[in-house]
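# Notes for the structure review
The chain contents come next:
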There are 2 protein chains.
Amino acid sequence: MKITKAQSQANRAHIVETAATLFRERGYDGVGVAELMAAAGLTHGGFYKHFGSKADLMAEAAACGLASTAQRAVGANRDAFLDHYLSREHRDARGTGCTMAALSGDAARQPDAVRARFAEGIEQMLAQRTDGDGAPGQSDRAAVLDTLAHLVGALVLSRACPDDSPLADEILEACRARLRDPR
Amino acid sequence: MKITKAQSQANRAHIVETAATLFRERGYDGVGVAELMAAAGLTHGGFYKHFGSKADLMAEAAACGLASTAQRAVGANRDAFLDHYLSREHRDARGTGCTMAALSGDAARQPDAVRARFAEGIEQMLAQRTDGDGAPGQSDRAAVLDTLAHLVGALVLSRACPDDSPLADEILEACRARLRDPR
DNA sequence: ATTATCTATAGATCTATAGATAATGC
DNA sequence: ATTATCTATAGATCTATAGATAATGC
């Protein structure tokens, strides 16, 4: 049953990616190690050869999810990004959507190791949206942080409403209108 | 060991209030029924004479927490409210602070019964901030929802950062500056 | 020989229920 | 007699570990 070193590394990466999705869908407490490993096509016991604890995986999965979230913002047109971020499709796809919107609330109750990854993820977003963006005053750190918080809050509040609630859509639309035309 | 009907009602209310605090501090999955009852000064088994299930209590505790959150916004001066909401004190007091910021992420994964209470809580906030507020255009539904999402996002992101992280404070300050002087 | 994975399980949770107890409220 | 609370426990989780297995990599 032993496999190559390369395969083991691939298995490890696959566990992290599977976790990044499942945690976003169901929260850190909503997914057990056994179920997670089964979803990755492996068995429960093998987990602890790859990670010291579930908390260690939470930190790695956060880094993985946040990096792919930040990657999606690279070079994106601002208005197009806002439209996508505040779309019903994004709101209804928690497992593949923004990691900050899906897990910031959970992360706040986790050890600093997990929270440090969230801070790094926010810094990655800042690095991408503050340099070479042209319009001065629009791309300083404060402006990017402000917009990021605004977006995350809109998605989080919209998701807290019942399915098919008119209010859930109203929240997205209110923030979209405001962010596209701030004046 | 039996008590009066009035005492039983008081016990029930006390369970709901205790839950509203503990859930905000540790999340819905982070507090068990036995621990919650012990915190309320009662024993585990008595819980099910008051509530059909833990999920039923989550819905009641959400309504309780959201009502007290909305109550705090009644008649408040806008700038003073923003300053308090985005203060470090509020960020670091999850158990007594805004229910939406503390539990929206968790609520999104709960049954519609819980999410319906969140939608009602948002409507309560709308009812309070859209009528008789004077300045036209500042107090329509869209403007209130936009500000609410902005505030919730700022607190949620700030809490996801490590303790004593400069970034956590920077997020609050960026949103405070923007919300106090939107132009 | 090493080690990635597997099976099996220990020990500690968790929600919910059953049955006993004892004071209220008819 | 009713019922709010209690003790005790059933049954199902959960994280983590122990020991067996078998193919890689020296």
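As the structure is a prediction and not an experimental result, all values here were calculated from the model.

### Section: the overall build of chain A
- On a plain count of helices and strands, chain A comes out with 10 helices and 0 strands.
- With respect to the principal axes defined by its C-alpha atoms, chain A has extents near 60 × 40 × 25 Å.
- Taking all 183 residues of chain A together, 49% fall into the buried category.
- Within chain A, contacts between residues at least 6 apart in sequence are counted, and of these 65% link residues at least 24 apart.
- Of the roughly 8,300 Å² that chain A leaves accessible, carbon and sulfur atoms contribute 52%.
- Put simply, chain A has 22 plus and 24 minus side-chain charges, and the middle of one group is 5 Å from the middle of the other.

### So, the relation of the copies chain A and chain B
- Of the transformation superimposing chain A on chain B, the axial component is 0.0 Å and the angular component is 180°, with the fit at an RMSD of 0.0 Å. What the superposition gives is, in effect, a two-fold axis relating one chain to the other. Among all C-alpha atoms of chain A, that of Gly153 of chain A lies closest to the rotation axis, at 1.8 Å.
- Residue by residue, 100% of the interface of chain A is reproduced at the interface of chain B, so both copies engage with the same surface.

### A few points about the protein's contact with DNA strand D
- Lining the immediate environment of DNA strand D, one finds 23 residues, of which Lys54 of chain A together with Asn11, Thr43, Lys49 and His50 of chain B sit closest.
- Backbone atoms, meaning sugar and phosphate, form 66% of the atoms of DNA strand D found within 4 Å of the protein.
- Taking Val33 of chain A, its main chain carries an N or O atom lying 2.7 Å from a phosphate oxygen of DNA strand D.
- One nitrogen or oxygen atom from the side chain of Tyr48 of chain A is found 3.0 Å from a phosphate oxygen belonging to DNA strand D.
- Where the surface near DNA strand D is concerned, the elements lending two or more residues are helix H1 (5–26) and helix H3 (47–50) of chain B.

### As for the interface of chain A and chain B
- With 47 residues of chain A in contact, the opposing surface of chain B contributes 47 residues.
- When the two sides are added together, the surface that chain A and chain B hide from each other amounts to roughly 3,800 Å², 61% of it contributed by carbon and sulfur.
- Contact with chain B buries area across many residues of chain A, yet Arg109, Asp146 and Leu157 of chain A alone supply 16% of it, more than any other trio.
- The interface formed by chain A and chain B includes 8 salt bridges.
- Here Asp163 of chain B makes a salt bridge to Arg115 of chain A, at a shortest N to O gap of 2.8 Å.
- Counting across the chain A and chain B interface gives 13 residue pairs in polar contact (both at pLDDT 80 or more).
- Elements with a contribution of two residues or more to the side of chain A that touches chain B: helix H1 (5–26), helix H7 (99–107), helix H8 (112–130), helix H9 (141–160) and helix H10 (166–180) of chain A.
- Broken down by element, the side of chain A that touches chain B gets its largest block of residues, 14 residues, from H9 of chain A.

### A look at helix H4 (residues 54–72) of chain B
- In this model, H4 of chain B (19 residues) spans 27 Å end to end at C-alpha, consistent with the 27 Å of a helix rising 1.5 Å per residue.
- Burial in H4 of chain B covers these residues: Leu57, Met58, Ala59, Ala61, Ala62, Gly65, Leu66, Thr69 and Ala70 of chain B.

### Examining the packing of H7 of chain A against H9 of chain A
Residue and element names in this part refer to chain A.
- Following both chains from N to C, one finds H7 and H9 inclined at 75°, their axes separated by 9 Å at the closest point. Between H7 and H9, the crossing angle belongs to the class labelled roughly perpendicular. Listed contacts from H9 to Met100, Ala101 and Ala102 of H7 are Leu148, Val152, Leu155, Val156 and Arg159.
- Tallied by class, the residues present in the contact of H7 with H9 amount to 7 nonpolar, no polar and 1 charged.

### Quick notes on the side chain of His90 of chain B
- Here His90 of chain B is to be found in helix H6 (residues 88–91).
- Sequence-distant contacts of His90 of chain B, that is, excluding residues within four places in its chain, are made with His84, Tyr85, Gly97, Cys98, Leu155 and Arg159 of chain B.

### Quick look at the nonpolar core
- Ile122 of chain A together with Ile122 of chain B are the most contacted members of the largest nonpolar core, which has 112 residues in total.
- When neighbours within four sequence positions are excluded, Ile122 of chain B is seen to be in contact with Leu157, Cys161, Leu167 and Ile171 of chain A together with Met100, Leu145 and Leu148 of chain B.

### Things to note about the packing of aromatic side chains
All names here are of chain A.
- Under the definition given, this model contains 8 aromatic pairs over all chains.
- Both rings, one in Phe23 and one in Tyr28, keep their centres 5.0 Å apart while their planes meet at 65°; by these two values the pair is edge-to-face. As far as the burial class goes, Phe23 and Tyr28 line up, both buried.
- With centroids separated by 5.2 Å and ring planes inclined at 35°, the aromatic side chains of Phe47 and Phe51 adopt a geometry described as tilted.
- The exposure class of Phe51 is buried, given its relative accessible area of 3%.
- By way of ring pairs, the aromatic residues Phe47, Tyr48 and Phe51 are connected into one cluster.

Definitions and limits used
Residues numbered from 1 in each chain as written. Chains lettered and ligands numbered in written order. Predicted model: local features only at pLDDT ≥ 70, side-chain atom pairs only at ≥ 80, totals over all residues. Heavy atoms only, no water. Helix = DSSP H or I, 4+ residues; strand = E, 2+ residues; numbered from the N terminus. Buried < 20%, exposed > 50% of the residue type's maximum accessible area, 1.4 Å probe, protein only. Contact = heavy atoms within 4.5 Å. Areas by Shrake-Rupley, 256 points an atom, 1.4 Å probe, with all protein chains shown as cover. Lys, Arg positive; Asp, Glu negative; His and termini not counted. Charge placed at Lys NZ, Arg CZ, Asp CG, Glu CD. Least-squares fit on C-alpha atoms with pLDDT ≥ 70 in both. Near = heavy atom within 4 Å. Polar contact = N/O pair within 3.5 Å; in protein donor to acceptor, adjacent residues only side chain to side chain. Buried area = accessible area lost by both parts, 1.4 Å probe. Salt bridge = Lys/Arg side-chain N within 4 Å of Asp/Glu carboxyl O. Expected span 1.5 Å × (residues − 1). Axes fitted to C-alpha atoms, helices over the stretch in contact; angles between N-to-C directions. Parallel < 35°, antiparallel > 145°, perpendicular 65-115°, else oblique. Nonpolar A, V, L, I, M, F, W, Y, C, P; charged D, E, K, R; others polar. Core = buried A, V, L, I, M, F, W, Y, C linked by side-chain atoms within 4.5 Å. Phe/Tyr/Trp six-rings, centres within 6.5 Å; stacked < 30°, edge-to-face > 60°.

Note that every value here comes from positions in space, so none of it alone points to a role or purpose.
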